[in-house]
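# Structural characterization, general
Here is how the chains run, residue by residue.
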Number of protein chains: 2
Amino acid sequence: MRALDDDIHTTAALRMSSAGGQRYTSSRRSIVEVLAHSDHPLTLPQILALDPTLAQSSAYRNLAELIAAGVVHRIVVADEHGHFELAEDLTGHHHHLICLSCGSVTDFVVPAKAEATIDRALNSIAEERHFEVEHHRLDLVGRCQTCLT
Amino acid sequence: MRALDDDIHTTAALRMSSAGGQRYTSSRRSIVEVLAHSDHPLTLPQILALDPTLAQSSAYRNLAELIAAGVVHRIVVADEHGHFELAEDLTGHHHHLICLSCGSVTDFVVPAKAEATIDRALNSIAEERHFEVEHHRLDLVGRCQTCLT
DNA sequence: ATGAGTGCAAAGGCTTTGCATTAGG
DNA sequence: CCTAATGCAAAGCCTTTGCACTCAT
C-alpha cells in the first residue's frame, strides 16, 4: 500500500535534485520521515512537535521546496494551519474526513468502482468546460467519532 | 433552479432573526444581493468592488453573521482570500472548478446519477468510520479555459 | 571557496477585534 | 431610549522574507 521508507527517501532525494539541484538534507529528510509515519496530514506545529529540532521558518521553506519537487502536497482545510502530506503518487489516491469541531483530518479511500464513476463524471464536465484537470478533491466535512462522544 | 430574489431575502431575513435576533440591514441585504447575482463564489475584495459602499470590516462581520445564520457559506480554495457564496439550500447542490493559475472558482453540477453513486460511497465510509457528515466537497483543481489559451 | 541551507527576527497579507459613533425598533 | 450595527484603526495569526552564519561539496 505504501512504498518502503527507503524508497520514499530515495524518490524524494531524486525529485529534489531534479527540481533545481536541491539537496536532500537531514532536515528535509526528517520532514518526509515525519509525514511518512503519519496516517493523516499534519500541520506545521504538529510537524515541529514530532521533531523539535526543526526550526519553523526552515520547515516552511523546506516544505515549499518539497512541494515544488512534487514530494509533498499541501491541503487547506479551513483557515487555520495548512496541512501537509506526502504526494499521492507516494501514498496512493485518497480523500479526507474533515472534522469541523476539532479540525482533525483523516484519510480514507473510496472503492475503485465508485472512484471510477466519479472520474468519469468529472472528466466529462472538464471536457465540456475546457478545464484541464490536475486533480480532484473529494472530502467529507462533519464531525469525527471522537468529537461526537 | 434558484429561488426568486425576494424569496432569498425573505429567507435570509428570517434566518438572521432566528439565529440570535440579528437585523437584516441594508448592508447585509446588499451582500446577499451581490452573492445572489454571481454565478460563482466571490472573495471579499470582489464583494466590495461590486458594492463600494460596503466597509471591509463590517462586510467581514456581516458575512460571519450570515454564515452563522446559514445564509452564506465560505469556501477556502487556497491561502489567499476566502470565497463566499449563498448556502446550498438556497442555490442548489454544486461543486467547484478551481483554477490554479488565476484562482478563479466556477460552479458546476454533476449528473444526479453520479451524485447518487458518490453519496452512497461516502455514506458507507462515514458509517463505518462513525463520522457524522455535514456535507461533502468535490472540486476539480486545474487550469481554466481562459488560463489555457 | 562557493553556493545551498539554516535560524532568528522582522515583515506581509487576510481577517478579526476594540472602541466610539450611528441608527433601527 | 437601548441594543445592534457600523467604520476606522489597531491587533492577530499563519506564513514568508531579509540577512548573517554555517555547512557540504
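First things first, this report covers the structure right here in the doc. All values reported here derive from a predicted model rather than from experimental measurement.

### So, the pairing of strand β5 (residues 105–108) of chain A
Two faces, one strand: in a regular strand the side chains alternate between the faces of the sheet. Sheet topology note: the strand β4 (residues 95–99) of chain A/β5(A) ladder contains 4 bridges and is antiparallel. Counterpart to His95(A) in the pairing with β5(A) is Phe108(A).

### Points about the interface of chain A and chain B
Listed by partner, the interface residues are 39 residues for chain A and 39 residues for chain B. Where chain A abuts chain B, roughly 3,700 Å² becomes buried across the two surfaces, and 62% of that area is made up of carbon and sulfur atoms. Contact with chain B buries surface across chain A, with Phe131(A), Arg137(A) and Leu140(A) losing the most and accounting together for 19% of the total. At the junction of chain A with chain B, the criterion picks out 6 salt bridges. A salt bridge links Asp79(B) to Arg74(A); its shortest N-O distance comes to 2.3 Å. Across the contact surface, chain A and chain B share 14 residue pairs in polar contact (both at pLDDT 80 or more). Those elements that provide at least two residues to the side of chain A that touches chain B are β4, β5, α6 (112–129), β6 (132–143) and α7 (145–148) of chain A. Sort the elements by how many residues they give to the side of chain A that touches chain B and β6(A) lands first, with 12 residues. Tallied by class, residues from the side of chain A that touches chain B come to 23 nonpolar, 7 polar and 9 charged. One ladder, built from 11 bridges, connects β6(A) with strand β6 (residues 132–143) of chain B; its direction is antiparallel. Residue pairing in the sheet places Glu132(A) in a bridge with Arg143(B) of β6(B).

### Considerations on the nonpolar core
Counting 28 residues, the largest nonpolar core has Phe108(A), Leu122(A), Leu140(A), Phe108(B), Leu122(B) and Leu140(B) as its most contacted members. Those elements that place two or more of their residues in this core are β4, α6 and β6 of chain A together with β4 (95–99), α6 (112–128) and β6 of chain B. In this structure, Phe108(B) is in contact with Leu122(A), Ile125(A), Arg129(A), His94(B), His95(B), His96(B), Leu97(B), Leu138(B) and Leu140(B), ignoring residues within four places of it in sequence.

### Some remarks on the protein's contact with DNA strand C
Neighbouring DNA strand C are 19 residues, the closest being Arg23(A), Arg28(A), Arg61(A), Tyr60(B) and Gly82(B). Here, DNA strand C places atoms within 4 Å of the protein, and 62% of those atoms are sugar or phosphate. One nitrogen or oxygen atom from the side chain of Arg28(A) is found 2.6 Å from a phosphate oxygen belonging to DNA strand C. Here a phosphate oxygen of DNA strand C sits 2.8 Å away from a polar atom, N or O, in the main chain of Gly82(B). Of all elements in the fold, only α2 (26–36) and α4 (56–68) of chain A together with α4 (56–68) of chain B reach the threshold of two or more residues within the surface near DNA strand C. Tallied by class, the residues present in the surface near DNA strand C amount to 2 nonpolar, 10 polar and 7 charged.

### Things to note about the packing of helix α2 (residues 26–36) of chain B against α4(B)
Two numbers describe a pair of packed helices, the interaxial angle and the distance between the axes. All names here are of chain B. Contact pair α2 / α4: the axes reach a minimum separation of 10 Å and the direction vectors enclose 75°. In terms of axis orientation, α2 runs roughly perpendicular to α4. Mapping the contact onto sequence places Ser27, Arg28, Ile31, Val32 and Leu35 in α2 and Ala59, Asn62, Leu63, Glu65 and Leu66 in α4. Of the residues in the contact of α2 with α4, the class split is 6 nonpolar, 2 polar and 2 charged.

### Some words on the protein's contact with DNA strand D
Around DNA strand D, the surrounding shell holds 18 residues, and the nearest of these are Tyr60(A), Gly82(A), Arg28(B), Arg61(B) and Asn62(B). Of all DNA strand D atoms lying within 4 Å of any protein atom, the proportion belonging to sugar or phosphate reaches 63%. Arg23(B) has a polar backbone atom sitting 2.8 Å from a phosphate oxygen of DNA strand D. Only α4 of chain A together with α2 and α4 of chain B provide two or more residues apiece to the surface near DNA strand D. By residue class, the composition of the surface near DNA strand D is 2 nonpolar, 10 polar and 6 charged.

The rules behind these values
- Residues numbered from 1 in each chain as written.
- Chains lettered and ligands numbered in written order.
- Predicted model: local features only at pLDDT ≥ 70, side-chain atom pairs only at ≥ 80, totals over all residues.
- Heavy atoms only, no water.
- Pairing = 2+ DSSP bridges.
- Helix = DSSP H or I, 4+ residues; strand = E, 2+ residues; numbered from the N terminus.
- Contact = heavy atoms within 4.5 Å.
- Buried area = accessible area lost by both parts, 1.4 Å probe.
- Salt bridge = Lys/Arg side-chain N within 4 Å of Asp/Glu carboxyl O.
- Polar contact = N/O pair within 3.5 Å; in protein donor to acceptor, adjacent residues only side chain to side chain.
- Nonpolar A, V, L, I, M, F, W, Y, C, P; charged D, E, K, R; others polar.
- Core = buried A, V, L, I, M, F, W, Y, C linked by side-chain atoms within 4.5 Å.
- Buried < 20%, exposed > 50% of the residue type's maximum accessible area, 1.4 Å probe, protein only.
- Near = heavy atom within 4 Å.
- Axes fitted to C-alpha atoms, helices over the stretch in contact; angles between N-to-C directions.
- Parallel < 35°, antiparallel > 145°, perpendicular 65-115°, else oblique.

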